[in-house]
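# Fold and contact review
So the chains spell out like this:
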Amino acid sequence: MAMSEEHKAALAQGRREGRAVKQYLRLVGSRRPGRPVTKDSLERRITGLNEKIKGEDDPLKRLELIQSRIDAEDQMAEIEDAVDADAIEKEFLEVANSYSERKGIGYSAWREAGVSAQVLRNAGIPRTRRG
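Residues numbered from 1 in each chain as written. Predicted model: local features only at pLDDT ≥ 70, side-chain atom pairs only at ≥ 80, totals over all residues. Heavy atoms only, no water.

## Regarding the pattern of salt bridges
Put simply, the test is: In the sections that follow, a salt bridge refers to a side-chain nitrogen of Lys or Arg positioned within 4 Å of a carboxyl oxygen of Asp or Glu. Labels follow the DSSP assignment, with helices taken as runs of H or I lasting at least four residues and strands as runs of E lasting at least two, numbered in each case from the N terminus. Think of it in three bands: with a 1.4 Å probe and only protein chains considered, a residue is buried below 20% of the maximum accessible area for its type, exposed above 50%, and partly exposed in between.
Under the counting rule described, the total for this entry stands at six salt bridges. In this structure, the salt-bridge partner of Glu-5 is Lys-8, at a minimum N-O distance of 3.7 Å. Of this pair, Glu-5 and Lys-8 both sit in helix α1 (residues 5-30), three residues apart, which is roughly one turn of the helix. For Glu-5, a relative accessible area of 61% puts it in the exposed group. Overall, the relative accessible area of 40% leaves Lys-8 in the partly exposed class. Two residues, Glu-94 and Lys-90, come together in a salt bridge whose shortest N-O distance is 3.7 Å. Residue Glu-94 and its partner Lys-90 are located together in helix α4 (residues 85-103), separated by four residues, close to a single helical turn. Glu-94 gets classed as partly exposed once you look at its relative accessible area, which sits at 48%. Three or more residues are tied together by salt bridges with common partners; here these are Arg-16, Lys-90 and Glu-94.

Following this line, the structure appears as structure tokens:
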């Protein structure tokens, strides 16, 4: 039995929504508490570490500074490779309410998964929704 166009469209919508929700939850899970690390702050840190490395006489401290610089350079590469968080959030906002209704996901589950109350408000997911 062949699938109707309506059924195919529903499946495609489900896949799109699932991808958007998964990407956003990964993004939320990858964020660290505290001040965000920016490209500018890492560049300043790397420059400062390079200066300290040049002036350090103690070989053990110099080694630790070199490792700190390498760690900061690795972080810089991650930031440069990072996906567009705004675009991911925008897509999440477009599908979250529909996904929530279709899958029976309640407000509390979203909050426990790390989605902020503000994002849920923006997505139109009420606090009173139960799974």
